[in-house]
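A closer look at the structure
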Amino acid sequence: MQVVPTNKPLGAEIRGIKISSDLSEQELAGIRQALDDHSVVFFRDQELDEATHVAFSKRLGSLRVPRLNSKALVPGWPDLTVLSNIIENGEPIGLLEAGQYWHSDNCFKQVPNSYALLYAQEIPQQHGKMLGGTMFASALHAYETLDGEMRQRIAGRKSRNNFQNPFRRKALSADAAKIYWEEKQEPDSVHPIVRTHPRTGRKGLYVNETYTVGVDAMEQAQSREIIDFLCNHITRPEAIYTHEWHVGDFLIWDDCASQHNAIADYQLPLRRKLRRTTVQGTTPF
Ligand code: SIN
């Protein structure tokens, strides 16, 4: 097994592994280590059926069963969500516009996700160029490169997060919003702005421009100034790794150490389809 880092603050390709449900403990430990070191890892040219996808994901923790409109799930597989722009018989076959904004999964819950595992089945392509990439930004690098004054301003502070954040920078279309339903009911989650990674102990910035409503117990103008500053700092262009998908890619991201944003630079008849499992995380501290 060979781990080849990108030239960005996060991301690495793992070569020499065929993902299967019966990888050895040693191989799994190698993958976990690469994930701890690089926050996003990917494997090219994989052939992953649904059962293998689910079985491998369970080795990273308990799966979070998505409480989505069942039309967004792989039929017969309650743990597998389809991310797609494809419409069949007038109905979307998966989540439309999934993640097309900077966020960390389920940060609007008290117990957010730890990992997502995506398998690429159809990827849009035009004039020889792959479209529909996913951008990743490192929460750890963002904290480590934050100036001392801002570190002091946010030390010990918490953020409030909500799926229905009125300040989110990009709204879902009405068609896409229909597929998300559970999140609409939830009260704010409150999390430390500087979050400690439960496995590595590294500190990262845990706010994002989509779901973070503001700094808890702080007057609004000052709160917005801080959240906007931090979000722009986390996602500054030089800190981003953009994953160019190819059919057969299998990619895992760590939601505590990174945030992501799926690029909407394609439309039907160009088709994009990935399937996803998500792993339950732990209470942020
Ligand atoms: C997501 O799960 O946020 C979507 C990611 C993607 O489709 O690239």
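For the structure, check the block above.
Let me begin by describing the structure that accompanies this report. (Residues numbered from 1 in each chain as written. Predicted model: local features only at pLDDT ≥ 70, side-chain atom pairs only at ≥ 80, totals over all residues. Heavy atoms only, no water.)

The next thing to look at is the overall build of the protein chain. Along the backbone of the protein chain there are 6 helices and 20 strands. Taken over C-alpha atoms, the radius of gyration comes to 18 Å for the protein chain, in line with the 19 Å a tight globule of 285 residues would show. Taking the contacts inside the protein chain whose residues are at least 6 apart along the sequence as the reference set, 81% of them involve residues at least 24 apart. If you average the places of the 33 positive and of the 35 negative side-chain charges in the protein chain, the two averages end up 3 Å apart. (Helix = DSSP H or I, 4+ residues; strand = E, 2+ residues; numbered from the N terminus. Rg over C-alpha atoms; globule rule 2.2 N^0.38 Å. Contact = heavy atoms within 4.5 Å. Lys, Arg positive; Asp, Glu negative; His and termini not counted. Charge placed at Lys NZ, Arg CZ, Asp CG, Glu CD.)

At the junction of Leu 268 and Pro 269, the peptide bond is cis and its omega measures out at 10° in the coordinates. Among the structural elements, Pro 269 can be located in the loop between β19 (258-262) and β20 (273-280). Despite not being glycine, Asp 45 shows a phi value in the positive range, around 55°. Along the chain, Asp 45 falls in the loop between β3 (40-43) and α2 (50-58). Asp 45 sits in the exposed class, given a relative accessible area of 60%. (Buried < 20%, exposed > 50% of the residue type's maximum accessible area, 1.4 Å probe, protein only.)

In this section: helix α1 (residues 25-38). Here α1 spans 20 Å end to end across 14 residues, near enough to the 20 Å set by a 1.5 Å rise per residue. By the burial criterion, the buried members of α1 are Leu 28, Ile 31, Arg 32, Ala 34, Leu 35, Asp 36 and His 38. Looking at the packing, one finds that the buried side of α1 touches β1 (2-5), β2 (12-15), β3, α2, β8 (113-122) and β18 (250-254). Positive backbone phi, approximately 70°, marks Ser 39, located one or two places after α1. (Expected span 1.5 Å × (residues − 1).)

It is worth spelling out the nonpolar core at this point. With 26 residues, the main nonpolar core has Ile 19, Ile 31, Phe 43, Phe 56, Leu 117, Phe 250 and Ile 252 as its most contacted residues. Put simply, the parts of the chain that give this core at least two residues each are α1, β3, α2, β5 (77-84), β8 and β18. Ranked by the residues each element gives to this core, the list is headed by α1, at 4 residues. If we skip the residues at most four places from it in the chain, Ile 19 touches Ile 31, Phe 43, Gln 46, Leu 48, Thr 52, Phe 56 and Phe 250. In this structure, Met 135, Tyr 143, Cys 231 and Ile 240 belong to the second largest nonpolar core, which totals 20 residues. (Core = buried A, V, L, I, M, F, W, Y, C linked by side-chain atoms within 4.5 Å.)

This next bit is on the site of the ligand. The immediate surroundings of the ligand are formed by Leu 83, Ala 98, Gly 99, His 103, Thr 134, Trp 253, His 260, Ala 262, Arg 272 and Arg 276. Arg 272 is positioned with one of its side-chain polar atoms (N or O) 2.8 Å from an oxygen atom of the ligand. At 2.7 Å from an oxygen atom of the ligand is found a side-chain nitrogen or oxygen belonging to Arg 276. Grouping the amino acids of the shell around the ligand by side-chain chemistry returns 4 nonpolar, 4 polar and 2 charged. (Near = heavy atom within 4 Å. Polar contact = N/O pair within 3.5 Å; in protein donor to acceptor, adjacent residues only side chain to side chain. Nonpolar A, V, L, I, M, F, W, Y, C, P; charged D, E, K, R; others polar.)

In this section: the environment of Met 1. Position of Met 1 among the secondary structure elements: in the segment before β1. Residue Met 1 is classed as partly exposed on the basis of its relative accessible area of 47%. Aside from chain neighbours lying at most four places away, what touches Met 1 is Ile 14, Arg 15, Ile 17, Glu 27, Gly 30 and Ile 31.

The next thing to look at is the pattern of salt bridges. The tally for this structure, following the rule as stated, stands at 12 salt bridges. Arg 59 is paired through a salt bridge with Glu 25; the nearest N and O atoms lie 3.0 Å apart. Residue Arg 59 is located in the loop between α2 and β4 (73-74), and its partner Glu 25 is located in helix α1; the two are separated by 34 residues in the primary sequence. Across the pair Arg 202 and Glu 144 runs a salt bridge whose closest N-O atoms are separated by 3.1 Å. Taken together, the residues Arg 202 in the loop between β14 (194-196) and β15 (203-205) and Glu 144 in helix α3 (residues 139-144) connect sequence positions 58 residues apart. (Salt bridge = Lys/Arg side-chain N within 4 Å of Asp/Glu carboxyl O.)

Taken residue by residue, α2 has Thr 52, His 53, Val 54, Phe 56 and Ser 57 as its buried positions. Those residues of α2 that are buried lie in contact with α1, β5, β8, β18 and β20.

Now for the sheet that holds β19. Ordered by their spatial adjacency, 3 strands build an open sheet running β17-β11-β19, and the pairing between neighbours is antiparallel. Each of the sheet's edge strands pairs with one partner strand only, and the pair in question is β17 (240-243) and β19. Each neighbouring strand pair of the sheet contributes to a mean axis angle of 25°, computed without reference to strand direction. (Pairing = 2+ DSSP bridges. Axes fitted to C-alpha atoms, helices over the stretch in contact; angles between N-to-C directions.)

Let us now look at the packing of aromatic side chains. Scanning the model with the defined rule gives 9 aromatic pairs in all. Three or more aromatic residues link up through ring pairs in this structure, and these residues are Phe 42, Phe 136, Tyr 241 and Trp 253. Above the ring of Tyr 143, the side-chain terminus of Arg 151 is found at 4.3 Å from the ring centroid. The ring of Tyr 206 has Arg 195 lying over it, and the distance from NZ or CZ to the ring centre is 4.6 Å. (Phe/Tyr/Trp six-rings, centres within 6.5 Å; stacked < 30°, edge-to-face > 60°. Lys NZ or Arg CZ within 6 Å of the ring centre and 35° of its normal.)

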